[in-house]
Amino acid sequence: TDLVSFLNVQDRLNDLYLADYAVTNRPPEPTAPDELTGEEEGPSSESTSPASALSLSPDTLSALSTLECSFIDAVAAIAPRRPLKRVKTCFSCEDTPGKTAELQQLCTSLHASAMRVRSLDLADAAYTEDFSLTVLGTLVSRLPEQLSLNACSSLLSAYSPLDF
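Residues numbered from 1 in each chain as written. Predicted model: local features only at pLDDT ≥ 70, side-chain atom pairs only at ≥ 80, totals over all residues. Heavy atoms only, no water.

Asks: Mind showing me how you'd approach helix 4 (residues 129–142) here?
Replies: Working note: α-helix, 3.6 residues per turn, so residues spaced by three or four point in the same direction. For helix 4, built from 14 residues, the straight-helix expectation of 20 Å at 1.5 Å per residue is met to within 8% by its first-to-last C-alpha distance of 20 Å. Of the residues making up helix 4, those classed as buried are Phe131, Ser132, Val135, Thr138 and Leu139. Angular distribution of buried residues about the axis of helix 4 spans 125°; they occupy a single face of the element. The exposed set on the far side of helix 4, more than 90 degrees from its buried face, consists of Asp130, Val140 and Ser141. (Helix = DSSP H or I, 4+ residues; strand = E, 2+ residues; numbered from the N terminus. Expected span 1.5 Å × (residues − 1). Buried < 20%, exposed > 50% of the residue type's maximum accessible area, 1.4 Å probe, protein only. Arc of directions from axis to C-beta.)

Asks: What is the right way to read the pattern of salt bridges from this model?
Replies: Oppositely charged side chains can pair when the atoms bearing their charge come close. Taken as a whole, this structure holds two salt bridges when the rule is applied. Between arginine 86 and glutamate 68 there is a salt bridge whose closest N-O contact spans 2.8 Å. On the criterion of sequence distance, the pair formed by arginine 86 in strand 3 (residues 86–90) and glutamate 68 in strand 2 (residues 66–69) is long-range, its members being 18 residues apart. In this structure, the salt-bridge partner of lysine 99 is aspartate 124, at a minimum N-O distance of 2.9 Å. You can see lysine 99 sitting in helix 3 (residues 96–111) and its partner aspartate 124 sitting in the loop between strand 4 (117–123) and helix 4, a full 25 residues away along the chain. Exposure class is identical for lysine 99 and aspartate 124. Each is buried. (Salt bridge = Lys/Arg side-chain N within 4 Å of Asp/Glu carboxyl O.)

Asks: Just to check I follow, could you spell out unusual backbone geometry for this structure?
Replies: Glycine aside, a negative phi is what most residues show, and trans is what most peptide bonds show. Phi is positive for leucine 61, close to 55°, though the residue is something other than glycine. Along the polypeptide, leucine 61 turns up in the loop between strand 1 (15–18) and strand 2. A positive phi angle, close to 70°, is found at arginine 81, a residue other than glycine. Structurally, arginine 81 can be placed in the loop between helix 2 (72–78) and strand 3. Residue classification places arginine 81 among the partly exposed residues on the basis of a relative accessible area of 46%.

As structure tokens, this is what we get:
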């Protein structure tokens, strides 16, 4: 793809923001009945690139220290072997099992990065106190050597200052 071609020649890029990132290996979204016929629409036949298809050269993005993207799939595809210090992303699933799977994917990719992450901003549109604690516990237990956080935002947003 054009994105892969562009990224594969970037050796001095240190800050990358991806607003959108398409992945196919997800189950099709349920569709609403067509307003005109009342019949269910089928899944889209459009093909997008799966995360594993983002085959970046191992030497590319060697100066990348900041990665901001709206999908954890993009972090999973880009973070390994990159010297990331700051990561900003969000959960795309709203259900706990889906978010848990994304959290595991995020931890795996950060574990494979070349530097310790100093700042992690992880947004969640469906915050719950229990899952925020799960996120914190998972990060601490799975990434003790890869995280040296000075900032960890959005995770505690479910708590009011009076709860502490």
